[in-house]
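# Understanding the architecture of this molecule
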Amino acid sequence: MRKRNEKGQFSKTKVSEFGFVNLSTYTSPEVKEVNGADWIEYGADNNYFQFLIDRYNGSPTNNAAINGISQAIYGKGLNATDSNKKPNEYAQMISLFKKDVVRRVCYDLKLMGQAAIQVIYSKDRTRIAQVEHIPVQSLRAEKADEKGNIKAYYYSNDWSEVSNSKKNVKRIPAFGFSKENIEIVYIKPYKAGYFYYSPVDYQGGIQYAELEEEIANYHINNIQNGLAPSMLINFNNGVPSDEERTAIEQRIYDKFSGSSNAGRFILAFNDSKEL
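Parameters and conventions
- Residues numbered from 1 in each chain as written.
- Predicted model: local features only at pLDDT ≥ 70, side-chain atom pairs only at ≥ 80, totals over all residues.
- Heavy atoms only, no water.
- Helix = DSSP H or I, 4+ residues; strand = E, 2+ residues; numbered from the N terminus.
- Buried < 20%, exposed > 50% of the residue type's maximum accessible area, 1.4 Å probe, protein only.
- Contact = heavy atoms within 4.5 Å.
- Areas by Shrake-Rupley, 256 points an atom, 1.4 Å probe, with all protein chains shown as cover.
- Salt bridge = Lys/Arg side-chain N within 4 Å of Asp/Glu carboxyl O.
- Axes fitted to C-alpha atoms, helices over the stretch in contact; angles between N-to-C directions.
- Parallel < 35°, antiparallel > 145°, perpendicular 65-115°, else oblique.
- Patch = residues over 30% accessible without salt bridge, like charges linked within 9 Å, V, L, I, M, F, W, Y side chains within 5 Å.
- Phe/Tyr/Trp six-rings, centres within 6.5 Å; stacked < 30°, edge-to-face > 60°.
- Lys NZ or Arg CZ within 6 Å of the ring centre and 35° of its normal.
- Core = buried A, V, L, I, M, F, W, Y, C linked by side-chain atoms within 4.5 Å.
- Pairing = 2+ DSSP bridges.

### Some thoughts on the overall build of the protein chain
For the protein chain, the count of helices and strands is six helices and 13 strands. Counting across all 275 residues of the protein chain, residues that qualify as buried make up 34%. A sequence separation of at least 24 residues applies to 61% of the contacts in the protein chain between residues at least 6 apart. Accessible area for the protein chain stands at about 17500 Å²; split by element, carbon and sulfur atoms hold 50% of it.

So, in structure tokens, the structure goes:
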């Protein structure tokens, strides 16, 4: 920056330098193939389902909406308009799809945008002996074949602990693509632009669920700590080198940043307080 002196000549002036810390943005889930893995990842670190669970647990509004809507989806449970005409088939359906299974499927369908059930065959595989719910967050879709068929799903109890290897991961065939005794029926509503997974129908409200959670964290930490460190910090003893600035910013960031420590801050390095 330059300014004119009394003689009309330009002279250099010193300016303040600012560092902005902890300015993050919301991103949508990414569905991607990973070299060396047979399954399709969902979201950052292959953990978008857990992100949805965290928003459910952290936002009271989101929590109440999902609970109420999933109960409304379940309603009074399964029924059939032709149960009087086909009493044997109706009895078989009720015995297979137990109330708890249907409730959990409805809950997953609302919370996760999709759901899954295990179809368990008899030993001779002549009939379906049992239908059980399986947590959809524990499944990842296998890469589709050349015809676009997803022939299997991979199961893990904790995908955050899974690398690209198949260790601690079990492959379960999709319904109708094997002769095994257990198959997976994956339920996902059609959404334009999505193939392997289906986004939740409240996708546009996730930012607000996260915002509600962060506001609650902010205020409770203000109360507990008695001070809101959302602030502008001026250093008026000169502008340090880039390395020194980075070290100062990191030390303050570690101590104060984030809603759990009551917010963000801005650092200003000045040659004097007049600047």
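### Side note on the pattern of salt bridges
Side-chain pairing between opposite charges can occur once the charged atoms of the two side chains come close. Scanning the entire structure with this criterion turns up seven salt bridges. A salt bridge links Arg55 to Glu213, with the shortest nitrogen-to-oxygen separation between them at 2.9 Å. Residue Arg55 is located in helix α1 (residues 48-58), and its partner Glu213 is located in helix α5 (residues 206-225); the two are separated by 158 residues in the primary sequence. Neither Arg55 nor Glu213 differs from the other in exposure class; each is buried. In this structure, Glu183 engages Arg125 in a salt bridge whose closest nitrogen and oxygen atoms are separated by 2.9 Å. With Glu183 in strand β11 (residues 182-187) and Arg125 in the loop between β6 (115-121) and β7 (128-133), the pair connects residues that are 58 residues apart, well separated along the chain. Given the relative accessible area of 23%, Arg125 is considered partly exposed.

### Examining the side chain of Ser59
Note on placement: Ser59 falls in the loop between α1 and α2 (60-74). Those residues in contact with Ser59 that sit more than four places away from it in its chain are Ala209 and Glu212.

### Notes on the packing of α1 against α2
With their axes 5 Å apart at the nearest point, α1 and α2 run at an angle of 105° to one another. When the axis of α1 is compared with that of α2, the two are roughly perpendicular. Where α1 abuts α2, its residues Arg55, Tyr56 and Gly58 lie against Pro60, Asn62, Asn63, Ile66 and Asn67.

### Quick notes on a nonpolar patch on the surface
On the surface, a nonpolar cluster with roughly 220 Å² of combined accessible area is contributed by Leu78, Ile94 and Phe97. Residue placement: Leu78 occurs in the loop between α2 and α3 (87-96). A relative accessible area of 38% places Leu78 in the partly exposed class.

### Observations regarding the packing of aromatic side chains
Under the criterion given, the structure shown has eleven aromatic pairs. Seen from their ring centres, Tyr153 and Tyr186 are 4.6 Å apart, and the 5° between their planes marks the pair as stacked. Pair noted here: Tyr153 is in strand β9 (residues 152-155) and Tyr186 is in strand β11, with a separation of 33 residues, a long-range link. Taken as a pair, Tyr153 and Tyr186 share a single burial class, namely buried. Site record: aromatic cluster; members linked through ring pairs are Tyr42, Tyr48, Phe49, Phe51 and Tyr197. We note Arg125 situated over the ring of Tyr121; from NZ or CZ to the ring centre the distance is 3.9 Å.

### Some remarks on the nonpolar core
Residues Tyr153, Tyr186 and Tyr197 are the most contacted members of the largest nonpolar core, which totals 26 residues. Going through the elements one at a time, β5 (40-42), α1, α4 (99-112), β8 (139-141) and β11 are the ones with two or more residues in this core. Looking at which element gives the most residues to this core, the answer is α1, with five residues. In contact with Tyr197, not counting residues within four places along its chain, are Val31, Ile40, Glu41, Tyr42, Phe49, Gln114, Arg140, Ala141, Tyr186 and Lys188.

### Examining the sheet that holds β6
If you walk across this open sheet you meet the three strands as β7-β6-β11, and the pairing is antiparallel. A single partner strand is all that each edge strand has here, and the edge strands are β7 and β11. Strand-to-strand, the axes of this sheet are offset by a mean angle of 25°, without reference to chain direction. Two strands pair when backbone bridges link them, and β6 and β11 are joined in this way by six bridges, in the antiparallel orientation. Bridge pairing in β11 places Ile117 opposite Val185.

### Some thoughts on the sheet that holds strand β10 (residues 170-173)
One open sheet holds the three strands; their spatial order is β8-β9-β10, and the pairing between them is antiparallel. At either end of the open sheet lies a strand with only one pairing partner, and these are β8 and β10. Going across the sheet, the axis of each strand differs from the next one's by a mean of 35°, ignoring polarity. With four bridges joining them, β9 and β10 adopt antiparallel strand pairing. When the bridges of β10 are listed, Ala152 appears paired with Pro173.

Shape is all these values report; function is a separate question.
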